[in-house]
Amino acid sequence: NHRNFVKNRLLRIDYNLDVHFHFKAFNHALIESYWEKRGGVDYASASVKGPESARSKTAIVIEGKNPATGQWIVIDGIVEHLTQSQAEDKLWALNLKWKPDIITIAESGTGLELLALLQRHRRMPVIGQTLGGKGSKETRWERDLEPIFNSEALLISDEETVFLEKVRATLRRYPNFRNRGD
């Protein structure tokens, strides 16, 4: 089928996957506290029925903008199965730690519920963001993320944290990931 053809086309002769996301690391020691910061949330409720391995995880990302270059650097975040109250608490902790200027929450599914809750009960600069991307995860990654990484408009901090290692491992693993739960 077409999907297998595309995945096979990405294989090297030695049968290793060709990595499409050539991301660049940024020296975390150079990140300054005064930099502009932003956050993003893709909330996936842990209360959805089904095995945990088949469910999507909530992703919360904090980025800082290097004023000298205009590049955004992924500096912190969380990727976990979270209930709504856990997601709220984790986001609140990241908000206090980094003080982002804005936090966008994906307005899809359970993200709308989280957005409404946060707008009522927390003093965080949250707004909703409509996701316009259509297509499979692979299509969206290639169309939306690959150009940002290739142009070095988005870098990944080289700091050794659980979250940042998950990000780097996921990018290195592309396109060999599950459709849900990554």
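Residues numbered from 1 in each chain as written. Predicted model: local features only at pLDDT ≥ 70, side-chain atom pairs only at ≥ 80, totals over all residues. Heavy atoms only, no water.

(A) Structural detail: the pairing of strand 3 (residues 58-65). Across 7 bridges, the pairing between strand 2 (residues 36-42) and strand 3 is antiparallel. When the sheet's bridge partners are listed, glycine 40 is paired in strand 3 with valine 61. With 8 bridges connecting them, strand 3 and strand 4 (residues 72-80) associate as antiparallel partners. Paired with isoleucine 60 across the bridge in strand 4 is isoleucine 78. Where strand 3 folds back onto strand 4 in an antiparallel hairpin, the turn is made up of 6 residues, including glycine 70, whose phi is positive at roughly 80°. (Pairing = 2+ DSSP bridges. Helix = DSSP H or I, 4+ residues; strand = E, 2+ residues; numbered from the N terminus.)

(B) Representation of the sheet that holds strand 1 (residues 25-26) within the structure. Spatially, 1-7-4-3-2-5-6 is the arrangement adopted by the 7 strands of the open sheet, whose pairing is mixed. The open sheet has two edge strands, strand 1 and strand 6 (126-129), and neither has a second partner. Bridge count between strand 5 (residues 102-106) and strand 6: 4 bridges; the pairing is parallel. The residue bridging isoleucine 105 from the neighbouring strand is glycine 128, located in strand 6. Relative to strand 4, helix 2 (residues 84-98) is tilted by about 155°, and along the sheet it contacts strand 2, strand 3, strand 4 and strand 5. (Contact = heavy atoms within 4.5 Å. Axes fitted to C-alpha atoms, helices over the stretch in contact; angles between N-to-C directions.)

(C) Quick peek at the packing of aromatic side chains. Taken as a whole and judged by the stated rule, the model has 1 aromatic pair. Of note, arginine 38 hangs over the ring of tryptophan 72, and the distance from its end group to the ring centre comes to 3.7 Å. (Phe/Tyr/Trp six-rings, centres within 6.5 Å; stacked < 30°, edge-to-face > 60°. Lys NZ or Arg CZ within 6 Å of the ring centre and 35° of its normal.)

(D) Summary view of the side chain of arginine 168. Along the chain, the position of arginine 168 falls in helix 5 (residues 162-173). Beyond its immediate chain neighbours, meaning those up to four positions away, arginine 168 contacts Phe23, Ile156, Ser157, Asp158, Glu159, Glu160 and Thr161.

(E) Local environment of the pattern of salt bridges. Using the criterion set out here, one finds 8 salt bridges in the structure. With a closest N to O distance of 2.9 Å, lysine 97 and aspartate 76 form a salt bridge. Note that lysine 97 is positioned in helix 2 and aspartate 76 in strand 4, a separation of 21 residues in sequence. Here glutamate 160 and arginine 168 are joined by a salt bridge, their closest N and O atoms 3.8 Å apart. Exposure remark for glutamate 160: the relative accessible area of 66% places this residue in the exposed category. (Salt bridge = Lys/Arg side-chain N within 4 Å of Asp/Glu carboxyl O. Buried < 20%, exposed > 50% of the residue type's maximum accessible area, 1.4 Å probe, protein only.)

(F) Region of interest: the confidence of the model for the protein chain. This prediction gives the protein chain a mean pLDDT of 82; 80% of its residues lie at or above 70. In this model, residues 1-17 is a region of pLDDT below 50 whose contacts with residues beyond four sequence positions or in other chains number 18 contacts. (pLDDT = per-residue confidence, 0-100.)

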